Amino acid sequence: MAYDKQALIDQLGQLTIMELADLIDGLKETWGVTAAVASGPAAGPAAAVEEKTEFDVVLVDAGASKINVIKEIRAITGLGLKEAKDMSEKGGVLKEGASKDDAEKIKAQLEAAGAKVELK
């Protein structure tokens, strides 16, 4: 059965409040539904998300003062000079699964040295 959407909208627009209330009651009765207004965000899987406790510290860019960044990378990771230099050039994950406090501390150290760092 085809219907004319605009004609139906126009017809509903001409109803009085009492006629609309009667129509709603009839639809509820026929289809067994209720018209409920959402009072807030729906509780579901998204509502049960816990705060993240482990972070990966990712070097995005070493910046202009690479020597200072390399020193910090060595201090944080314990890598040798060559490995720290390679890490500063290519970027990537410096520390995996760090606590929030540790990750923020490492990020602050590297940013103070001139690097661009992200926590993921």
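Residues numbered from 1 in each chain as written. Predicted model: local features only at pLDDT ≥ 70, side-chain atom pairs only at ≥ 80, totals over all residues. Heavy atoms only, no water.

Okay, the overall build of the protein chain next. Across its full length, the protein chain carries five helices and three strands. For the protein chain, the sequential pattern of α-helices and β-strands runs α-α-β-α-α-β-α-β. Within the protein chain, buried positions represent 18% of all 120 residues. Of all intrachain contacts in the protein chain linking residues separated by at least 6 positions in sequence, the fraction that spans at least 24 positions is 69%. (Helix = DSSP H or I, 4+ residues; strand = E, 2+ residues; numbered from the N terminus. Buried < 20%, exposed > 50% of the residue type's maximum accessible area, 1.4 Å probe, protein only. Contact = heavy atoms within 4.5 Å.)

By the element assignment, S88 lies in helix α4 (residues 81-90). Those residues in contact with S88, other than ones at most four positions away along the chain, are L59, A62, I70 and I73.

All right, on to the sheet that holds strand β1 (residues 54-61) then. Within the open sheet, the three strands sit side by side as β2-β1-β3. Their pairing is antiparallel. With partners counted over all chains shown, the strands left at the sheet margins are β2 (92-99) and β3 (116-119), one partner each. Adjacent strand axes in the sheet meet at a mean angle of 25°, parallel and antiparallel pairs treated alike. Relative to β3, β1 runs antiparallel, the two sharing four bridges. Pairing of V58 across the sheet is with E118, part of β3. Seen against the sheet, helix α5 (residues 100-112) touches β1, β2 and β3 and runs at an angle of roughly 145° to β2. (Pairing = 2+ DSSP bridges. Axes fitted to C-alpha atoms, helices over the stretch in contact; angles between N-to-C directions.)

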